[in-house]
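# Topology and contacts: notes
What follows is each chain in one-letter form.
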Amino acid sequence: MFVFSGLLLRSSIIHVKQNDSLTAQNSKLKKENKQYKQLFATLSGQSSNSSTSKKSKQSTYSLNEESVLAENGTDKKYGIKITQADQNFNDHGKSLVGQTDMGAGMNLSAENGLQITADYTNYGLSEPFLARTQYFTVYDDEGKTVEMLSQQDGQDEVTEGHTGTTHFWVNLNKPFSQTKYIEIEYKDSEIGGVSNFKINLH
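What this report covers is the structure whose coordinates are included nearby. (Residues numbered from 1 in each chain as written. Predicted model: local features only at pLDDT ≥ 70, side-chain atom pairs only at ≥ 80, totals over all residues. Heavy atoms only, no water.)

## Some remarks on the overall build of the protein
When helices and strands are counted, the protein shows two helices and nine strands. In sequence order, the protein lays out its α and β elements as α-β-β-β-α-β-β-β-β-β-β. Expressed as a percentage of its 202 residues, the buried residues of the protein come to 32%. Within the protein, contacts between residues at least 6 apart in sequence are counted, and of these 66% link residues at least 24 apart. (Helix = DSSP H or I, 4+ residues; strand = E, 2+ residues; numbered from the N terminus. Buried < 20%, exposed > 50% of the residue type's maximum accessible area, 1.4 Å probe, protein only. Contact = heavy atoms within 4.5 Å.)

## Let's talk about the sheet that holds strand β7 (residues 162–171)
As summarised here, the arrangement of the five strands in space is β2-β3-β4-β7-β6, forming an open sheet in which the pairing is antiparallel. Of all strands in the sheet, those bounded by a partner on one side alone are β2 (66–71) and β6 (147–153). On average, each strand axis in the sheet is inclined to that of its neighbour by 25°, with strand direction left out of account. Across eight bridges, strand β3 (residues 75–86) lies against strand β4 (residues 113–122) in antiparallel orientation. Pairing of Ile-82 across the sheet is with Ala-118, part of β4. (Pairing = 2+ DSSP bridges. Axes fitted to C-alpha atoms, helices over the stretch in contact; angles between N-to-C directions.)

## Observations regarding the side chain of Thr-133
With respect to the helices and strands, the residue Thr-133 is situated in the loop between β4 and β5 (136–139). If near-sequence neighbours (up to four positions away) are discounted, Thr-133 is found in contact with Met-148, Gln-151, Gln-152 and Phe-168.

## Quick look at the sheet that holds strand β1 (residues 60–61)
In spatial order, the strands read β1-β9-β8-β5; together these four strands make up an open sheet with mixed pairing. Here the strands that pair on one side only, and so sit at the sheet edges, are β1 and β5. Pairing between β5 and strand β8 (residues 181–187): four bridges, direction antiparallel. Paired with Tyr-139 across the two strands is Glu-183, which belongs to β8.

## Let's talk about the packing of aromatic side chains
Within the structure shown, the criterion is met by seven aromatic pairs. Seen from their ring centres, Tyr-61 and Phe-197 are 6.1 Å apart, and the 50° between their planes marks the pair as tilted. Taken together, the residues span a long stretch of sequence, with Tyr-61 in strand β1 and Phe-197 in strand β9 (residues 194–200) at a distance of 136 residues. The exposure class of Tyr-61 is buried, given its relative accessible area of 17%. Residue classification places Phe-197 among the buried positions, given a relative accessible area of 1%. Centroid distance Tyr-78 to Tyr-186: 6.2 Å. Interplanar angle 80°. Geometry classified as edge-to-face. Residue Tyr-78 is found in strand β3, and its partner Tyr-186 is found in strand β8; the two are separated by 108 residues along the sequence. Each of the two residues, Tyr-78 as well as Tyr-186, counts as buried. By the ring-pair criterion, three or more aromatic residues cluster together here, those being Tyr-78, Tyr-120, Phe-129, Tyr-135, Phe-136, Phe-168 and Tyr-186. Positioned over the ring face of Tyr-123 is Lys-76, at 4.1 Å from the centre of the ring. The aromatic ring of Tyr-181 is capped on one face by Lys-198, whose charged end is 4.3 Å from the ring centroid. (Phe/Tyr/Trp six-rings, centres within 6.5 Å; stacked < 30°, edge-to-face > 60°. Lys NZ or Arg CZ within 6 Å of the ring centre and 35° of its normal.)

## Thoughts on the pattern of salt bridges
A complete count under the given rule lists seven salt bridges for this structure. Its salt-bridge partner being Asp-75, residue Lys-77 comes within 3.4 Å of it at the nearest N-O pair. The class of Lys-77 is buried, set by a relative accessible area of 12%. On the basis of relative accessibility, which here comes to 37%, the residue Asp-75 falls in the partly exposed class. A salt bridge links Arg-132 to Glu-157; the shortest N-O distance between them is 2.7 Å. (Salt bridge = Lys/Arg side-chain N within 4 Å of Asp/Glu carboxyl O.)

Function-wise, these values are silent; they only describe arrangement.
Given below as structure tokens:
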């Protein structure tokens, strides 16, 4: 009977030790799991911030940076690049300065006038492509739309793999010298995309 009791006692001690060991292992696993969760959250946050920053950087383009529109993110269709936004008027632009005989939409202000030049490339459109001024909207540094003149110099429709250049003019809401930057939107009619540009003027 004594031996039997000893066996019971020894068995109880073994079970207690095993239970203590399992409890310790469980506590350790919980701690490691918490650490892994914290690490995952940190890495996910960094990845998310990086992606957001990259997306934000790519969504608005500066002078001489090309905005490429693509279907499904990979199938390139066309590109738009603003290469000029200043008062270095070409011959066509110079002929519009102070023009009053052909209506207000043709009068380019010597103080407020601005010439914008854009390159447009057909990467994958089956039909010839032209960046028409009717799809451009220009805003001043206060977010207000500016007057678009009804003139466009350079209206070649380019086939796939080719690039064209076009010029158009706007009258800012205040003198060019007092306008820090402009914003330009190109809302295409081909695949429904929008290209955004922010161009510093000085």
